[in-house]
Amino acid sequence: MTAGPLRVLVVGLGHMGMSHARAYARIDGFQLAGVCSRRVSSAALPPELLDAPRFSSFDEALETLRPDVVSINTFPDTHAAFAVRAMEAGAHVFLEKPIAETLADADQVIAAAGRHRRKLVVGYILRHHPSWIQFIAIARTLGTPLVFRMNLNQQSSGAQWTTHKHLMESLSPIVDCGVHYVDVWCQITAARPRRVHAVGARLAGDLPAGMYNYGHLQVTFDDGSVGWYEAGWGPMMSETAYFVKDVIGPNGSVSIVLAPGAGGVRSDDVNAHTQTSQLLLHHAGLAADGSFARGDERLSTADEPSHDELCEREQRYLLRAIAEDLDLSAHLRDALTSLAIVLAADRSVRTGEVVRL
């Protein structure tokens, strides 16, 4: 590790890129060396980023700054190429999910990290969220097989719908968002995914050619566990039941729920997508008279970190990985597994066939 703070180039200044840039500015072990975006000249930067040199060209920024770390927060179609070029230039990489648009490209990114001995951390933000960590720990106690029920639908309009359409130039909603929640499933169960089936629908006429803005995938694991995930984007999506997060097993279930009386959260509020409010733990055991032996438990998560605080936790993990030379092989293997599942789902939508892994 170089002496002094690690110099970071942040590429992409959308919601995630801006949050990560602010995190680098707050962490003593990092120094914000520059920011890069196609429209950087007109970008409205917060005060802590105003002194950072601005670039509209990734290659120019990489050549000029020679950063220690490159943080890639662009649309998915540039992830693989930018990550490989950054590591070839000697930089460690933080890469927003997914690693790439294809498994072959993802393999190349991971191979580059090994070849150049650079650290590569993928932006699975839920891995750093204490409430989700607790959710996963509880789910592991529910027995086998398990049932995973999750969705994240977003009723988007205006600028958010424009962003969603840009994202769909690369990936469908079940791929872009699905990797987060499929990764959660894979942390809960050691079983291997075997079959994937999915359906999709094109609910708007102004989508990129061949793209669908609603998808629903189903996965079967080799221990009998099953899971479904649903994601839809657009002005036509329903606000009803847009955020379902359940795991069910022989011993009961655990769910992420709103606290009683809570409300007013919109499905397209990115800040709300990591919030949990409460965990609801249900025990399946019955008493001699057939009634439930234990009542449900509501576990408060009121002290959970904000979205920006979670981004800071991700970057502190990156700093630790570099400083302590952490072995990230399991982290990258899991990122590949979740990507393989959602890409299989996309293939199933397009072919109408069950995909075997």
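So, here's what we can say about the structure. Nothing here was measured: the structure is a model prediction, and the numbers come from that model.

Thresholds applied
Residues numbered from 1 in each chain as written. Predicted model: local features only at pLDDT ≥ 70, side-chain atom pairs only at ≥ 80, totals over all residues. Heavy atoms only, no water. Helix = DSSP H or I, 4+ residues; strand = E, 2+ residues; numbered from the N terminus. Rg over C-alpha atoms; globule rule 2.2 N^0.38 Å. Buried < 20%, exposed > 50% of the residue type's maximum accessible area, 1.4 Å probe, protein only. Contact = heavy atoms within 4.5 Å. Areas by Shrake-Rupley, 256 points an atom, 1.4 Å probe, with all protein chains shown as cover. Lys, Arg positive; Asp, Glu negative; His and termini not counted. Charge placed at Lys NZ, Arg CZ, Asp CG, Glu CD. Core = buried A, V, L, I, M, F, W, Y, C linked by side-chain atoms within 4.5 Å. Expected span 1.5 Å × (residues − 1). Salt bridge = Lys/Arg side-chain N within 4 Å of Asp/Glu carboxyl O. Axes fitted to C-alpha atoms, helices over the stretch in contact; angles between N-to-C directions. Left-handed = near helix turned anticlockwise from the far one by under 90°. Nonpolar A, V, L, I, M, F, W, Y, C, P; charged D, E, K, R; others polar.

## A word on the overall build of the protein
- Helices and strands together make up the secondary structure of the protein, namely 10 helices and 16 strands.
- What you see for the protein is a C-alpha radius of gyration of 21 Å, in line with the 21 Å of a compact globule of 357 residues.
- In terms of overall dimensions, the protein has C-alpha extents of about 75 × 45 × 40 Å along its principal axes.
- Buried positions account for 53% of the 357 residues belonging to the protein.
- Partitioning the contacts of the protein with sequence separation of at least 6, the portion at a separation of at least 24 is 71%.
- Of the accessible surface of the protein, which amounts to about 15300 Å², a share of 50% is contributed by carbon and sulfur atoms.
- Distance from the positive charge centre (32 side chains) to the negative charge centre (39 side chains) of the protein: 3 Å.

## A word on unusual backbone geometry
- Residue Pro98 is reached from Lys97 by a cis peptide bond, and omega for that bond is -10 degrees.
- Structurally, the position occupied by Pro98 is in the loop between strand S5 (92–96) and helix H4 (103–116).
- Residue Pro145 is reached from Thr144 by a cis peptide bond, and omega for that bond is 0 degrees.
- One non-glycine residue, Asp325, adopts positive backbone phi at about 50 degrees.
- Within the fold, Asp325 resides in the loop between helix H9 (307–323) and helix H10 (329–351).
- Its relative accessible area of 55% is what places Asp325 among the exposed residues.

## Section: the nonpolar core
- Ranked by size, the top nonpolar core spans 84 residues in total, and within it Ile174, Tyr229 and Val247 carry the most contacts.
- With nine residues, the single largest contributor to this core is H10.
- Ranked by size, the runner-up nonpolar core spans 24 residues in total, among them Leu13, Ile27, Leu318 and Leu328.

## Here's the deal with H10
- The end-to-end C-alpha distance of H10, which contains 23 residues, comes to 32 Å, matching closely the 33 Å that a straight helix rising 1.5 Å per residue would cover.
- Downstream of H10 by a residue or two, Gly352 has a phi angle that is positive, lying close to 75 degrees.

## Topic: the pattern of salt bridges
- By the definition in use, this model includes 15 salt bridges.
- As a salt-bridge pair, Asp59 and Arg85 come within 2.8 Å of each other at their nearest N and O atoms. Here Asp59, found in helix H2 (residues 58–65), pairs with Arg85, found in helix H3 (residues 79–88); they are 26 residues apart in sequence, far enough to count as distant.
- On the accessibility criterion, Asp59 (44% relative accessible area) is partly exposed.
- A salt bridge links Arg66 to Glu63, with the shortest nitrogen-to-oxygen separation between them at 2.9 Å.
- Among the residues examined, Arg66 registers a relative accessible area of 48% and is labelled partly exposed.
- Salt bridges here are not isolated pairs; linked through shared partners, they connect Arg26, Glu312 and Arg316.

## Looking at the packing of helix H1 (residues 15–26) against H9
- Remark: H1 packs on H9, axes separated minimally by 8 Å, with the N-to-C direction vectors making an angle of 60 degrees. Relative to H9, H1 is oriented so that their crossing is right-handed. Residues His15, Met16, Ser19, His20, Arg22, Ala23, Tyr24 and Arg26 of H1 touch H9, and the partners they reach there are His307, Asp308, Cys311, Glu312, Glu314, Gln315 and Leu318.
- Counted by class, the contact of H1 with H9 contains five nonpolar, five polar and five charged residues.

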